[in-house]
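Each chain is listed here by its residues.
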Amino acid sequence: IEYLKVYHPEVDPHKILQASGITNFEIEDAGHWFTQEEVDLFYDAVINETKDPSVSREAGRYIASNQASGILQQYVIGFLTPRIAYWMIEKVTATLSRAHIVKSQVTSPNSVKIIFKPKENVEEKPYQCENRIGLLESMAKVFTSKYASIEHSHCIHQGNDRCEYDISWDNSPFMIWKRIGYYSTVIFFIAAIGLFFVLPLFQWFLACFLFLFAEAGIFNRAH
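Report follows, based on the coordinates. What you are looking at is a predicted structure, and each value in this text was computed from that prediction instead of being measured.

Basis of the calculations
Residues numbered from 1 in each chain as written. Predicted model: local features only at pLDDT ≥ 70, side-chain atom pairs only at ≥ 80, totals over all residues. Heavy atoms only, no water. Helix = DSSP H or I, 4+ residues; strand = E, 2+ residues; numbered from the N terminus. Buried < 20%, exposed > 50% of the residue type's maximum accessible area, 1.4 Å probe, protein only. Contact = heavy atoms within 4.5 Å. Areas by Shrake-Rupley, 256 points an atom, 1.4 Å probe, with all protein chains shown as cover. Phe/Tyr/Trp six-rings, centres within 6.5 Å; stacked < 30°, edge-to-face > 60°. Expected span 1.5 Å × (residues − 1). Core = buried A, V, L, I, M, F, W, Y, C linked by side-chain atoms within 4.5 Å. Pairing = 2+ DSSP bridges. Patch = residues over 30% accessible without salt bridge, like charges linked within 9 Å, V, L, I, M, F, W, Y side chains within 5 Å. Salt bridge = Lys/Arg side-chain N within 4 Å of Asp/Glu carboxyl O.

## Remarks on the overall build of the protein chain
Along the backbone of the protein chain there are 11 helices and four strands. For the protein chain, the residues scored as buried account for 37% of the 223 residues in total. Here the analysis covers contacts within the protein chain between residues at least 6 apart in sequence; of these, 59% occur between residues at least 24 apart. Taken as a whole, the protein chain presents about 13200 Å² of accessible surface, with 60% of it coming from carbon and sulfur.

## Comments concerning the packing of aromatic side chains
Overall, the coordinates contain seven aromatic pairs when judged by the stated rule. For the ring pair tyrosine 7 and tyrosine 62, a centre distance of 6.1 Å and an interplane angle of 85° mean the geometry is edge-to-face. Within this pair, whereas tyrosine 7 is found in helix H1 (residues 2–7), its partner tyrosine 62 is found in helix H5 (residues 55–63), the two being separated by 55 residues in sequence. According to the relative accessible area criterion, tyrosine 7 is partly exposed, its value standing at 43%. Residues tryptophan 204 and phenylalanine 205 carry aromatic rings whose centres are separated by 5.2 Å and whose planes lie at 65° to one another, so their mutual orientation is edge-to-face. Tryptophan 204 sits in the buried class, given a relative accessible area of 17%.

## Examining helix H4 (residues 36–50)
For H4, spanning 15 residues, the distance from its first C-alpha to its last is 21 Å, which sits close to the expected 21 Å at 1.5 Å a residue. Every buried residue of H4 is accounted for by Glu38, Asp40, Tyr43, Ala45, Val46 and Thr50. The elements touched by buried residues of H4 are H1, helix H2 (13–20), H5 and helix H9 (126–144). Of the residues one or two after H4, lysine 51 is the one with positive phi, at around 55°.

## Structural notes on the nonpolar core
Formed by 24 residues in total, the largest nonpolar core has its most connected members in Tyr86, Ile114, Leu136, Met139, Tyr165 and Ile167. Among the secondary structure elements, those contributing two or more residues to this core are helix H7 (82–87), helix H8 (89–92), strand S2 (111–118), H9 and strand S4 (163–168). With near-sequence residues (within four places) excluded, tyrosine 165 lies in contact with Val112, Lys113, Ile114, Phe116, Cys129, Arg132, Ile133, Leu136, Ile150, Glu151 and His152. One finds Val11, Tyr43, Ala59 and Tyr62 within the second-largest nonpolar core, a separate group that totals 12 residues.

## As for the pairing of S2
Pairing between strand S1 (residues 100–108) and S2: eight bridges, direction antiparallel. Counted as the bridge partner of serine 108 is serine 111 from S2. With antiparallel pairing between neighbouring strands as the criterion, S1 and S2 make up a hairpin whose turn holds two residues. Judged from the six bridges that link them, S2 and S4 form a sheet pairing that is antiparallel. Note that in S4 the partner of valine 112 across the bridge is isoleucine 167.

## A look at a nonpolar patch on the surface
Together, Val186, Phe189, Ile190, Ile193, Phe196, Phe197, Val198, Leu201 and Phe205 make up an exposed nonpolar region whose accessible area comes to about 1000 Å². Counting residues per element, the ones that place at least two in the nonpolar patch are helix H10 (173–196) and helix H11 (201–222). It is H10 that provides the largest number of residues to the nonpolar patch, a total of five residues. Position of phenylalanine 189 among the secondary structure elements: in helix H10. Assessed through its relative accessible area of 57%, phenylalanine 189 is described here as exposed.

Below, the structure is given as structure tokens:
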């Protein structure tokens, strides 16, 4: 719904919700779960209104973007690196869907393998796989300003028992400086505590000011 408001403002969200039997109350309730039938009806209504066959993947990209306001975007930016964010996705998936068993494995400093295996009696549709690919692509962009590269080697819609994604990304100066900024914050904090016991109060305040100035410069460079 949020994606449609941003990229398809001509579409009436209430019309889509009415066609799919979903209420605003259910959307705003973080503890409510939608059925596969409801999601299918919602997707059909979105396609009918937007006439955009790529909407599922693009909406997935939006979910983890800097513009989104949902739980996943907040989750992604809470980590220092895309590697940690991808590695932890199996933990957060349980709060978003009951349809899959998810496993994530770090394969190198710049790549991970993530496996989505449907639970028994779950039959998801191809558009949901596309939505997931968009989401996984976008997670790296939060850190690197570029979408991740994804090799979809196994897919349940091609006869496999799971969807398997090999994800890789490039480091960026932004990500490196951001990581330096977080580590330097810890170092400066520890140094400030230690210097409090050995420096006169005025010199300690001066040292803290210099620490804050240096920290501001690092984070400014990161942006």
